[in-house]
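Overview (structure and organization)
Spelled out, the chains give:
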Amino acid sequence: MELLEAKLILTVLVLLILAAIAGFYKHHFSYWKKRGIKHLKPIFPFGNASNFFLGKASFGEIFQGWYLDMQRKGWAFGGAYFCAKPVFIPLDQELVKKIIISDFMVFPNHGMYVNEKNDPFSGHIFNLMDYKWRNLRVRFPAAFTASKMRRNVLIMERISREFVSLIEQLSLKNKPVDVKSVLSRFTIDIISACAFGMESNTLKGEDVELTKQARPFFDNQWSRISNTLVMLIPVPILGLFNFKLFPVGTTEYFMKLFRGIKEHREKESIKRNDLADLLIDLCDETKDHPDFSGKGKMVPLTFNEFASQMYVFFEAGFETSSSTQTFALYELAVNPKVQERLRKEIDTVLEKFEGHVGYDSINEMKYLDMVVDETLRKYPIFPILPRKSIRDYQIPDTDIVIENDTLVMVTNFGIHYDPEYYPDPLKFDPDRFLPENKASRPHCAYLPFGEGPRICVGKRFGIWQTKMGLVSIIKNFELTLSKKMKLPFSFDKSGLILAANGGVWLDFKKINQ
């Protein structure tokens, strides 16, 4: 009798728990309907994100799929659910423009996880919010002026010679090249030299630990698990459980590295007029730096804040450019006519400049611009532009209100594949970026770096790195797909940043010059 009672009680408890879960989802899955907003039909328990949780789609592909589904239905905007969390998707170009540019003050933050006390590197500029973000953001363009980029291009050109030498050694061995791996070392050496005045020499096989420690920024911060937790669980609750985006070992490694750079420059009074100098200056308690408004004063950066900004620029500086170059080389290998056209332009322009690969010669390569633009159109490395509203926002010319604290997902990955702006979007076609074709599209139909006040501050640096790498390779080598390349091409499903499943493997053939 007691056993039967126990089973009955357990059954009732299970039923109550299931009923509570069902009630929870029923309540949350009615969010968009109650507000009169068209939405994709959710399925318990993952909402509209089943393919993500089943490992069939990456984070970016989920939001791209939502956008394209809504686009086919002719919606100007719509709602969807990541599990039970409502997500607002804008499609109309004017609305996208308002959210990220003209009405930016309502949507100023990314809504990412920040816990500077327990996880200091989470406090980098991409994650920072409001006043603190504004104070830093207004300072950073000074590190990427045209004159400083000219100096940086000289450094890039020197390192590119080492890069070409390494590729030549691999080509002579007739070995397929894991392009991303080699390009990561190339861009690590560039960002280390340009931003920190540090010779990492990873192309020469030195500082293997630096290359190893560079990976957790992307493998941890924007992994499937981290993305899911940050999307679904409020930041204060994550903080209570001492949630960390970065491994302790990685944090300690880079803290030591950046402390050494800072102390060495201060002790020796070294001035290189680079990013590190700019940040060190902001740490100086004897100086008054106006805040973003120009009416108040900035609080000097702590060492942790200094290190966090150094860290994000190091990571973004090497990863995004190496990924862009990887995808560009893949497309050039798949499209030999495009590759040959680009090579002819490079040879023609360099002949005019007596073979010198530099700031002025690369600036004249207009087809190169188009190849890079089309690569970033098809492969926006960061495939989403999240925004969090800080107050209710009525969509112009409607009675629809986006409520305070709603997650708004501008999906550049979706926009870039919208056939209204890019017919046959899967085709790699640099001519999409001829001046007349660019002029025919809305301003926010191309958003590889975001737009508005939150546009990527390192955009210019990243593009120059990419161009230098592509010119160095196409000038010297013919590219073809290796038999080791995993086909058909697909995206890796493990993280947020776009990456090729199985990597990109190419064969390089030296061009006799």
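Residues numbered from 1 in each chain as written. Predicted model: local features only at pLDDT ≥ 70, side-chain atom pairs only at ≥ 80, totals over all residues. Heavy atoms only, no water.

Structural notes on the pattern of salt bridges
- Tallied over the full model, the rule gives 25 salt bridges.
- Glu331 serves as the salt-bridge partner of Lys378, at 2.9 Å between the closest nitrogen and oxygen. You can see Lys378 sitting in helix H18 (residues 366-378) and its partner Glu331 sitting in helix H15 (residues 303-334), a full 47 residues away along the chain.
- The salt bridge involving Arg377 is made with Glu374; its shortest N-O contact spans 2.8 Å. Remark: Glu374 and Arg377 occur in helix H18; sequence separation between them is 3 residues, near one turn of the helix.
- Overall, Glu374 belongs to the buried group, its relative accessible area being 0%.
- Residues joined by salt bridges that share partners form a network here, namely Arg265, Arg272, Asp274 and Asp277. (Salt bridge = Lys/Arg side-chain N within 4 Å of Asp/Glu carboxyl O. Helix = DSSP H or I, 4+ residues; strand = E, 2+ residues; numbered from the N terminus. Buried < 20%, exposed > 50% of the residue type's maximum accessible area, 1.4 Å probe, protein only.)

Examining the sheet that holds strand E8 (residues 477-481)
- Here we have 3 strands laid out as an open sheet, ordered E3-E9-E8, and antiparallel in their pairing. Looking at which strands have only one partner, the edges of the open sheet turn out to be strand E3 (177-178) and E8.
- When E8 meets strand E9 (residues 505-510), the two strands line up antiparallel, connected through 5 bridges. Across the sheet, the residue bridging to Phe477 is Lys510, located in E9.
- Those strands touched by helix H7 (residues 146-172) are E3, E8 and E9, and its axis lies near 55 degrees from that of E8. (Pairing = 2+ DSSP bridges. Contact = heavy atoms within 4.5 Å. Axes fitted to C-alpha atoms, helices over the stretch in contact; angles between N-to-C directions.)

Brief notes about a nonpolar patch on the surface
- Taken together, the side chains of Tyr131, Val138 and Phe292 present a nonpolar region at the surface, about 280 Å² in accessible area.
- By the element assignment, Val138 lies in the loop between helix H6 (130-137) and H7. (Patch = residues over 30% accessible without salt bridge, like charges linked within 9 Å, V, L, I, M, F, W, Y side chains within 5 Å. Areas by Shrake-Rupley, 256 points an atom, 1.4 Å probe, with all protein chains shown as cover.)

Focus: the packing of aromatic side chains
- A full pass over the atoms with the stated rule returns 44 aromatic pairs.
- Ring geometry for Phe107 versus Tyr393: centroids 5.1 Å apart, planes at 75 degrees, classification edge-to-face. Here Tyr393 lies in strand E5 (residues 393-394) and Phe107 lies in the loop between helix H5 (93-102) and H6, a separation of 286 residues in the sequence.
- A relative accessible area of 0% means that Phe107 is categorised as buried. (Phe/Tyr/Trp six-rings, centres within 6.5 Å; stacked < 30°, edge-to-face > 60°.)

Observations regarding the sheet that holds strand E7 (residues 407-410)
- Sheet architecture is open: 4 strands sit in the order E1-E2-E7-E4, paired in mixed fashion. Each edge of the open sheet is held by one strand with a lone partner, namely strand E1 (77-82) and strand E4 (385-388). With direction set aside, neighbouring strand axes in the sheet form an average angle of 30 degrees.
- Relative to E7, strand E2 (residues 85-90) runs parallel, the two being bridged by 2 bridges. Paired with Phe88 across the bridge in E7 is Val408.

What about unusual backbone geometry?
- With an omega of 0 degrees, the peptide bond running from Phe44 to Pro45 counts as cis.
- The linkage connecting Leu487 with the following residue, Pro488, adopts the cis geometry, with an omega of 0 degrees.
- Inspection of the secondary structure puts Pro488 in the loop between E8 and E9.
- Here the phi dihedral of Asn273 falls at roughly 60 degrees; this positive angle occurs in a residue that is not glycine.
- Checked against the element boundaries, Asn273 lands in the loop between helix H13 (248-268) and helix H14 (275-283).

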